[in-house]
Amino acid sequence: MNIVLLGLPGAGKGTQAKHLSNIFDFYHLSTGEIFRRAIKNETELGKRAKKYTESGDLVPDEITIELIKKEIEKVNKRGDEGIIFDGFPRTENQAEALSDLLADFDQEIDLCIYIKVAVDELIIRLSGRRICEDCKAIYHIKFNPPAEEGICDQCGGNLYQRTDDSEEVVKNRIERNKQEMEKLLAYYEEKGVLEQVVGTGKMPEDVKEETPLVVKEYRE
Ligand code: AP5
C-alpha cells in the first residue's frame, strides 16, 4: 500500500508520516529531508538543489523525479508494506511520473491524505518548529515542546531551526506550493483515493488519532 501525504508547508506532513510509519510497516520517504541531507554532505544532488530550497522555490521536476526513481528502486528491495510519500509529488507532472514509476512494480497510490491547515497557522507552526539534528524528530516550541529546551526527548540530540523557516522564505514556500495544490487535489480526487483531514486548530496529538483511522479504512 502506498500513501501520498499532501499539505502546504507546515501542515504536518512530516509529523504524521513519522507517526504512521511507527504504527504501520511503511517506509517514510521525505524529499525535503533527502535534499537537506544531500546539501549538508555537499553531494552533486545537494549542489543542484541548494539554491531552490534556500529560497523556498520548488526544485525542478527533472532533478526531483530522478531522485524519487532511485529511491523507489532502493525501497522496493526492503520489503516494507509500502511507502509514505512526504513532500512528493508537488506538481501534476510529478504525480504522473510517480504513477508511471510505481506501475513498473505493479503498484499504485492507494491513498492520498490531504492535511488542510489555514495559512496563518502554518506561519506560526513553521516559525516555532525545531528538529533533532540526529534522529530528525519534529518539535514545536509551543505545540509540541521537548521536555528539556533544545534537547531531543527521543535520542538526546541537539534541536535546530531550519534555515528555510525564516518568515520571508516561508511565505514564498507557501505561495509556490499553493499554485500546484489545487491541481494535485483534483488529480487524486479523480483517481478516487483522496481523503481530507482538517488540521486547523488541532494539536498534533488530535491529528495523530485521525490519520491511522483513515489508513486502516483503505488497508482493509
Ligand atoms: P520539505 O522539507 O518537504 O518542506 P515543506 O513541504 O515546506 O514541509 P515542511 O517540512 O516545512 O512541513 P510539514 O508539512 O512536514 O510540517 P511538520 O510536520 O514539520 O521541503 C523543503 C524544500 O525542498 C521545498 O521548499 C523545496 O524547495 C524542496 N522540495 C521538497 N520536495 C520537493 C518536490 N517534490 N519538488 C520540488 N521541490 C521539492 O510540522 C510543522 C511544525 O508544526 C512542527 O513544528 C510541528 O511540531 C508543528 N505541528 C505539526 N502538526 C501540528 C498540529 N496539528 N498543531 C500544531 N502544531 C503542529
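In the block above lies the structure referred to throughout.
None of the values given here were measured: they were computed from a predicted structure.

A.B. asks: Account for a negative patch on the surface, with residues named and values stated.
C.D. replies: There is a patch of like negative charges on the surface, built from Glu92, Glu96, Asp100, Asp104 and Asp106. Note on placement: Glu92 falls in helix 5 (residues 92–103).

A.B. asks: Provide a residue-level description of the pattern of salt bridges, including the pertinent values.
C.D. replies: Scanning all chains against the criterion turns up 17 salt bridges. For Arg173, the salt bridge is made with Asp165, and the minimal N-O distance between the two is 2.9 Å. For the pair Arg173 and Asp165, one class covers both residues: buried. Residue Lys208 pairs with Glu205 through a salt bridge whose shortest N-O separation is 3.6 Å. Placement of the pair is Lys208 and Glu205 together in helix 8 (residues 204–219), with a separation of 3 residues, close to one helical turn. Judged by its relative accessible area of 48%, Glu205 is partly exposed.

A.B. asks: Before we move on, can you summarise the site of the ligand with the specific residues and values?
C.D. replies: In the vicinity of the ligand there are 36 residues, among which Thr15, Asp57, Arg90, Arg129 and Arg173 approach most closely. Note that an oxygen atom of the ligand is positioned 2.6 Å from one of the side-chain N or O atoms of Arg90. Interatomic distance of 3.3 Å between a side-chain N/O atom of Arg125 and a nitrogen atom of the ligand. In the complex, 98% of the free accessible area of the ligand, which totals 1000 Å², lies under the protein chains. Of all the secondary structure elements, the ones that give two or more residues to the shell around the ligand are helix 1 (13–23), helix 2 (31–40), helix 3 (44–55), helix 6 (119–127), strand 6 (138–140) and helix 8.

A.B. asks: For the environment of Leu5, give the residues involved together with the corresponding values.
C.D. replies: Following the sequence through the fold, Leu5 ends up in strand 1 (residues 3–6). Using a relative accessible area of 1% as the deciding quantity, one classes Leu5 as buried. Each residue touching Leu5, except ones within four places of it in the same chain, is listed here: Lys13, Gln16, Ala17, Ile84, Phe85, Gly87 and Ile113.

A.B. asks: Hey, could you go over helix 5 for me, with residue numbers and the actual values?
C.D. replies: Under the 1.5 Å per step criterion, the end-to-end length of helix 5 is 17 Å for 12 residues, consistent within 8% with the ideal 16 Å. Turning to helix 5, the residues buried within the fold contact strand 1, helix 4 (61–76), strand 3 (82–86) and helix 7 (167–191).

A.B. asks: Kindly report on unusual backbone geometry, identifying the contributing residues and their values.
C.D. replies: Omega for the peptide link from Phe88 to Pro89 comes to 0°, which places this bond in the cis form. Relative to the helices and strands, Pro89 is located in the loop between strand 3 and helix 5. Of note, Asp106 is a non-glycine position whose phi angle comes to about 60°, a positive value. The residue Asp106 is located in the loop between helix 5 and strand 4 (111–116) in this model. A positive phi is found at Lys136, a non-glycine position, where the angle reads about 70°. Looking at the secondary structure, you find Lys136 in the loop between strand 5 (129–132) and strand 6.

Rules and cut-offs
Residues numbered from 1 in each chain as written. Predicted model: local features only at pLDDT ≥ 70, side-chain atom pairs only at ≥ 80, totals over all residues. Heavy atoms only, no water. Patch = residues over 30% accessible without salt bridge, like charges linked within 9 Å, V, L, I, M, F, W, Y side chains within 5 Å. Areas by Shrake-Rupley, 256 points an atom, 1.4 Å probe, with all protein chains shown as cover. Salt bridge = Lys/Arg side-chain N within 4 Å of Asp/Glu carboxyl O. Lys, Arg positive; Asp, Glu negative; His and termini not counted. Charge placed at Lys NZ, Arg CZ, Asp CG, Glu CD. Helix = DSSP H or I, 4+ residues; strand = E, 2+ residues; numbered from the N terminus. Buried < 20%, exposed > 50% of the residue type's maximum accessible area, 1.4 Å probe, protein only. Near = heavy atom within 4 Å. Polar contact = N/O pair within 3.5 Å; in protein donor to acceptor, adjacent residues only side chain to side chain. Contact = heavy atoms within 4.5 Å. Expected span 1.5 Å × (residues − 1).

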